[in-house]
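Understanding the architecture of this molecule
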Amino acid sequence: MESQNYKNHRKFYPPHHFIYLPILILSDIFGIYKIFNDVQNQLNWILFSVVIFLIFYLAIMVRQHYALGLQNRLVRLEFKQRYFEIFSQRSDEVEEKLKFDQIAALRFAHDDEFKDLLYKALHEDFSGDLIKRSIKNWRPDRHRI
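Anyway, here's the lowdown on the structure attached to this text. (Residues numbered from 1 in each chain as written. Predicted model: local features only at pLDDT ≥ 70, side-chain atom pairs only at ≥ 80, totals over all residues. Heavy atoms only, no water.)

Let's talk about a nonpolar patch on the surface
Our working rule: Every patch collects residues that have over 30% relative accessible area and no salt bridge, joining them within 9 Å if they carry like charges and within 5 Å if they are nonpolar side chains (Val, Leu, Ile, Met, Phe, Trp, Tyr). For accessible areas, the Shrake-Rupley method is used with a probe of radius 1.4 Å. Any residue's cover is judged against the shown protein chains and nothing else. Here a salt bridge means any side-chain nitrogen of Lys or Arg lying within 4 Å of a carboxyl oxygen belonging to Asp or Glu. Here's how the labels work: a residue is buried when its accessible area is under 20% of the maximum for its type, exposed when over 50%, partly exposed in between, all with a 1.4 Å probe on protein chains only.
Where nonpolar side chains cluster on the molecular surface, the patch consists of L43, I46, V50, F53, L54, Y57, L58, M61, V62 and Y66 and spans about 1000 Å² of accessible area. For M61, a relative accessible area of 37% corresponds to the partly exposed category.

Shown next, in the form of structure tokens:
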């Protein structure tokens, strides 16, 4: 299995990203094409295109909303557990000072880098992206949604 790093850490869900959404996009393009080329049924094709677009929009929003909401809660829980394991303290005060993108980025750092990057996130306002770019020993996450 290929090692995970900054450049390849994103994940796609093939049935959704490469089948369902492209079919909706192509259907909408077809509907828009027909609006201009089938004048007799123009109103039907407008309705068809609007409905397909709304289905497309809902598919993206609902999928993202639920998956990301749950994943964000798990990322925060993982941060609390890891912080406790490393520092033997609760993380409530530290977690309140961090933005979510910083917490999420810290997940990819091994324990030896975690402390230093956490310090930089708290005191030098390292963004999540800068934290990820600073990681030398990437800790892969193969269980994301």
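Details of the layout of surface pockets
Our working rule: Definitions used throughout: a 1 Å grid over protein atoms alone; a cavity as a set of points that fits a 1.4 Å probe which cannot get out; a pocket as an open set with protein on both sides within 12 Å along at least five of seven lines; a lining residue as one with an atom within 4 Å of a point. Grid points are joined across faces, edges and corners, and a volume is the space filled by probe spheres set on the points.
Roughly 240 Å³ of volume is contained in the second largest pocket. As for the second largest pocket, its lining consists of 13 residues, and the residues nearest its centre are E78, R107, D141, H143 and R144.

Topic: the environment of N41
For clarity, the threshold we go by: Strands here mean DSSP runs of E at least two residues long; helices mean DSSP runs of H or I at least four residues long; both are numbered from the N terminus.
Here N41 shows up in the loop between α1 (14–37) and α2 (42–87). Sequence separation between N41 and L54 is 13 residues; the distance between their C-alpha atoms is 20 Å.

So, unusual backbone geometry
Of note, S88 is a non-glycine position whose phi angle comes to about 55°, a positive value. By secondary structure assignment, the location of S88 is in the loop between α2 and α3 (92–97). Classification of S88 as exposed rests on a relative accessible area of 59%. In the Ramachandran plot, D125 falls in the positive-phi region, its phi being about 55° despite a non-glycine side chain. Tracing the chain through its elements places D125 in the loop between α5 (111–123) and α6 (128–134). Look at D125 and you get exposed, because its relative accessible area is 52%.

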